[in-house]
Amino acid sequence: METVSITKAINAQEAAVKEKHARTCILGTHHERGAHTFWAVVNRLALSSNAVLCWKFCHVFHKLLRDGHVNVLKDSMRYKSELGDMSRMWGHLSEGYGQLCSIYLKLLRTKMEFHTKNPGFPGNLQMSDRQLDETGENDVNNFFQLTVEMFDYLECELNLFQTVFGSLDTSRSVSVTAAGQCRLAPLIQVILDCSHLYDYTVKLLFKLHSCLPADTLQGHRDRFLEQFKKLKDLFYRSSNLQYFKRLIQIPQLPENPPNFLRASALSEHISPVVVIPAETSSPDSEPLADLAEMETSSQQSLFDNKFDDIFGCSFSNDPFNFNSQNGMTRDDKDQLIERLQREVSDLKEELRNVQAENQRLVMQLKGQVSELEAELAEQQHLKRQALDEGDFLRTELDELKKRHEDTEKAQRSLTEFERKAQATEQRYTKLKDKYSELVQNHADLLRKLLFTGLIPNAEVTKQVTLARQAQGDVERERKELEDSFQRLSEQAQRKTLEQAEVLETLKRELMAGRQELQVLRSSVESSVQSEAEHGVQLAELQQEKASLAEAVAQRDQQVAALQGSVQQLEAALERGRAEQHKAVQELQSRLVDRESSTQALQQQLWDQQFALLQCALEEAEQIVQGALHCLEEPAHASCTSSPDYLLSRTLAASLCTERLQEARGQYLSDQSDVSSLLSCVPPFAHLISDTILQASATSHMAPMKPADELLEVCKECGAEALRCLGALKDKATLEGADCTGVASCLRQINAIGEELRPKGLDVKQEELGDLVDKEMAATAAAIEAAATRIEEMLNKSQAGDTGVMLEVNERILGSCTGLMQAIQALVLASKDLQREIVESGRGAASPKEFYARNSRWTEGLISASKAVGWGATVMVDAADLVVQGKGKLEELMVCSREIAASTAQLVAASKVKADKESAKLRKLQTASREVNQATAAVVASTKAGKSQMEEEDSLDFSAPTLTQIKRQEMDSQVRVLELESWLQKERLRLGELRKRHYALAGAAEGWSESEAGAAP
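Once that is clear, we can look at the overall build of the protein. Within the protein, the secondary structure is distributed over 30 helices and zero strands. Out of the 1016 residues in the protein, the part that is buried amounts to 36%. Nonlocal contacts in the protein, meaning residues at least 24 apart in sequence, comprise 81% of its contacts between residues at least 6 apart.

Here we take up the side chain of Ser87. Its place among the elements puts Ser87 in helix 6 (residues 80-90). For Ser87, the residues in contact, after removing those within four places along its chain, are Ser102, Leu105 and Lys106.

Let us look at the packing of helix 9 (residues 140-167) against helix 12 (residues 218-239). In contact at an axis separation of 10 Å, helix 9 and helix 12 are set at 35° when each is read in the N-to-C sense. Seen along the crossing, helix 9 lies across helix 12 with a hand that is left-handed. Note on element contacts: helix 12 touches helix 9 through His220, Arg223, Phe224, Gln227, Lys230, Leu231, Leu234, Phe235, Arg237 and Ser238, opposite Phe144, Thr147, Val148, Phe151, Asp152, Leu154, Glu155, Leu158, Phe161, Gln162 and Phe165. Along the lines of polarity and charge, the residues of the contact of helix 9 with helix 12 split into 11 nonpolar, five polar and five charged.

This part takes up the packing of aromatic side chains. Tallied over the full model, the rule gives 19 aromatic pairs. One aromatic cluster in this structure is built from Phe38, Trp39, Phe57, Phe61 and Tyr79. Sitting over the face of the ring of Tyr97, Arg183 holds its NZ or CZ atom 4.5 Å from the ring centroid.

In this section: the confidence of the model for the protein. When pLDDT is averaged along the protein, the result is 76; 82% of the residues meet or exceed 70. Here residues 760-766 is modelled with pLDDT under 50, and outside its nearest four sequence neighbours on either side it reaches 14 contacts, counting other chains as well. In the predicted structure, residues 1004-1016 sits below a pLDDT of 50 and forms 28 contacts with residues beyond four places in sequence or in another chain.

Attention shifts here to the environment of Arg237. Here Arg237 shows up in helix 12. Distance in space between the C-alpha atoms of Arg237 and Phe165 is 9.0 Å, their sequence separation being 72 residues.

What follows concerns helix 1 (residues 2-9). Along helix 1, the positions that sit buried rather than exposed are Glu2, Ser5, Ile6 and Ala9. Buried residues along helix 1 cover an arc of 100° about the axis, so they all sit on one side. The secondary structure elements touched by the buried residues of helix 1 are helix 2 (19-32), helix 3 (36-42) and helix 4 (51-67).

With that out of the way, let us pick up the nonpolar core. Core analysis: the largest hydrophobic core is formed by 94 residues, its most contacted members being Phe38, Phe57 and Phe244. The greatest single-element share of this core, amounting to 14 residues, is contributed by helix 11 (residues 187-209). Phe244 has contacts with Leu184, Leu187, Ile188, Ile191, Ser238 and Ile250, leaving out every residue within four places of it along the chain.

Moving on to the side chain of His59. On the secondary structure map, His59 appears in helix 4. Ignoring anything within four residues of it in the chain, the contact list for His59 reads Val17, Tyr104, Ala185, Pro186 and Gln189.

Now for the pattern of salt bridges. Two side chains that carry opposite charge are able to pair once their charged atoms sit near each other. Summed over the entire model, instances satisfying the criterion amount to 20 salt bridges. Across the pair Glu19 and Lys63 runs a salt bridge, and its minimum N-O distance is 3.7 Å. Residue Glu19 is found in helix 2, and its partner Lys63 is found in helix 4; the two are separated by 44 residues along the sequence. According to the relative accessible area criterion, Glu19 is partly exposed, its value standing at 39%.

Below, the discussion takes up a nonpolar patch on the surface. On the surface, Leu979, Trp982 and Leu983 cluster together to form a nonpolar patch covering roughly 300 Å² of accessible area. Residue placement: Leu979 occurs in helix 29 (residues 962-1005).

Moving on, we come to the packing of helix 11 against helix 12. Interhelical geometry of helix 11 versus helix 12 gives an angle of 150° and a closest axis separation of 12 Å. Relative to helix 12, the element helix 11 is oriented roughly antiparallel. For the crossing formed where helix 11 meets helix 12, the hand is left-handed. Contacts between helix 11 and helix 12 involve Ile191, Cys194, Ser195, Tyr198, Thr201, Val202, Leu205, Leu208 and His209 on the former and, on the latter, His220, Arg221, Phe224, Phe228, Leu231, Phe235 and Ser238. Across the contact of helix 11 with helix 12, the residue classes break down as 10 nonpolar, five polar and one charged.

This paragraph deals with a negative patch on the surface. Residues Asp388, Glu389, Glu396, Asp398, Glu399, Glu509 and Glu516 make up a contiguous surface patch of negative charge. Going through the elements one at a time, helix 16 (332-452) and helix 17 (457-630) are the ones with two or more residues in the negative patch. Among the elements that make up the negative patch, the one with the highest residue count is helix 16 (five residues). Residue position: Glu516 is located in helix 17.

Thresholds, definitions, all that
- Residues numbered from 1 in each chain as written.
- Predicted model: local features only at pLDDT ≥ 70, side-chain atom pairs only at ≥ 80, totals over all residues.
- Heavy atoms only, no water.
- Helix = DSSP H or I, 4+ residues; strand = E, 2+ residues; numbered from the N terminus.
- Buried < 20%, exposed > 50% of the residue type's maximum accessible area, 1.4 Å probe, protein only.
- Contact = heavy atoms within 4.5 Å.
- Axes fitted to C-alpha atoms, helices over the stretch in contact; angles between N-to-C directions.
- Left-handed = near helix turned anticlockwise from the far one by under 90°.
- Nonpolar A, V, L, I, M, F, W, Y, C, P; charged D, E, K, R; others polar.
- Phe/Tyr/Trp six-rings, centres within 6.5 Å; stacked < 30°, edge-to-face > 60°.
- Lys NZ or Arg CZ within 6 Å of the ring centre and 35° of its normal.
- pLDDT = per-residue confidence, 0-100.
- Arc of directions from axis to C-beta.
- Core = buried A, V, L, I, M, F, W, Y, C linked by side-chain atoms within 4.5 Å.
- Salt bridge = Lys/Arg side-chain N within 4 Å of Asp/Glu carboxyl O.
- Patch = residues over 30% accessible without salt bridge, like charges linked within 9 Å, V, L, I, M, F, W, Y side chains within 5 Å.
- Areas by Shrake-Rupley, 256 points an atom, 1.4 Å probe, with all protein chains shown as cover.
- Parallel < 35°, antiparallel > 145°, perpendicular 65-115°, else oblique.
- Lys, Arg positive; Asp, Glu negative; His and termini not counted.
- Charge placed at Lys NZ, Arg CZ, Asp CG, Glu CD.

Below is the structure:
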């Protein structure tokens, strides 16, 4: 049955869905406790190819979500994505039902999401105020979010409303056509939803305004005003359509929207109630008495809940009292008075609504009783008619019985007549035989007499004549008898046929009469039964009427009791006000006594707070002065920093400066609270000093001109900070203390730091991925080539060298081979970790896109790879020169340390984006430690070889004389002085080389030529 109703409700005919089919679908969901059957039938329908079919499906599904079983939502969530795809598909059609289906499907998805997030809301959105309070869990954040979700929900409803009206032809009466009703029918569900959403939104906004500042809710008020105008216009346009006038009573919104800034305006708010007239219910709906009973019970439960809300719970508990959360303090009794007055007015309004509803229900039941009484009178009239027809049929049956008896009598007389005719025929036959015998005897006798001559001829002739006459008479009589018998036979046959026909007619009439009598008896029985049922219904209605009258009386008693309670409450409030007035007077007298002592204590507290602030400012001045003194210390010249870190420190200092400026303004407006200003002073001093030190350290790595500018701005920033802190120490200059100079210096430091930041490689971002792979491959190839060359040098040394030289070369080349192997393992581990980082971080993008998106990290990898490859090549060249006796062991030690630094750079660049728990990262760290150990081995073997060679070439002072030794001592001193001079020159040269290296690296990173050229 449900499947058939679903198929009939959702069809391709452009007409409104019939109510009985939709009701059967709703009852089916309650019967099976879900919507499995509904979706099983819908999945077989071509919703994606027929827009009218999809539109009617949306209508029926909307009804199921509102009035169906609670499991309909849960069973439908699995099809949510399909509804979204269908909505996007129909959205591509701008004509007909396409756009309507798209917007309706979006509305259904929004409704499903809303009820999933807020399971406390039923599908039809009917809730009491207490249930609405419980949904927010007494948390202002929940009510704030719930209001936003209701705005989104109502926005979807209004979009569908406007789209349907926009698609109608307003030039003609479309609401009476089948096509127009097909489009307008779903708006009944939309009107029901909009009325509840509007009511709940108004109540929630009043609650939010009672605990949040008005400026915070400005966006909510603007959005509500926009939706209020749309909803009011749509309700007005809908109420003028003929189609809605007989189906639904649409409420009208007030002329002006509620004023949420005035708390008392909540009592003026009237919840819009949508009324569906009882005439629109179909004949197969449930009895009206049950509906009235259900509505009465719901009204009673609503009244009881309202009564419990007011008098059954503690007056001090307000479910929407968020004052404790926002630090607001108000008099408890004033709050109680205002809340009770508001609730009393709400209660009066509720009572008026209940009385009006009861009156309407009583009138409705009276009309129903009148209809049933009229129907009972009609049934009684039909019963009387049936009884009269029964009497008439009984009379006709009696006549038929009499006619049947007459027919039986005629049949009996006919039988008697036939019997007499048979007897006459037998007698005639006998007479005929007898006559034939007499004629034969007479003829024989005459012949005998004639032959004997006893009778003369004349006599014979006479007798013959007489005999012939007698024979003729007999023949005539016989013919007459035959004619009369024939006539009698024919009459008998005609009468027999007539009587048979009459008998058949009477039999048919008798059967028809019996059937009519049976029908009349059944109708009479059904009339009697229906009369009994109507009597029972009338008795039930009278009982219901009596119960309603009792309920109305109870309501009146409750109203009287409530009015008495209200009067008692008002009296209690008056007494409370009098007591409050007394308490206020006493408190005022005490307050006057304590004001003087309070002012003295307050002034003492302010002085102590300002003294504490002065101590903090003095400590802050010492911190800033310490940072400025560090700029002049030589030990600080070796400190370096990066422009990026300087920018991060500058940003933190700028933010802290702004907070200090705001705290100063707050302290000037309210000098009783020094906590905000006191909490900003230490961070300000530390961040300013840290910024000065980091700027100085950054200048050590910068070109000359930017470095000098940066140092000057740092000194100026420190001076401005000291001036600002000094002004804050004195109340006379506190108002003129301004941090704008500090902020200006910080902006200059930030600008110089931006100029000093590396500009990146001169490579397109699309080519970074390929360049990384190329550099890593080139590094691996360089390391492999270096290992091969070291092995060749070792073989060559073993073949050509002997003694100490062979031992030293083998030790050094062996340690270099171990270092190359460790570097090769580290490069492989770095490539594996790099591949893991790219795979885990690129998502759906390609590796090249990942490298381009992380260009700074990619450039670091490229630079580190180049450094490792270059260091391996230089080390092999140095080792080759050492083996040939042309190089120095110190060069080999420097190259090994440079390789260690380059591999450390590669490890650092690789682990920047790696997961700390990665196994490949641990492998890379192990390889890095092995490289460090191999580097240490190279340095150790080099030092050992150098010592061994120096021991072999030790000086012999046994042969020279005293004069020769003195001469050599003087030569040695000259050599020492020359070497010290050369060392000093080499150190200066090393400094110039580092500056030049910095300039070249800056040019490679994208600095301007003037900046790069200022380094030498």
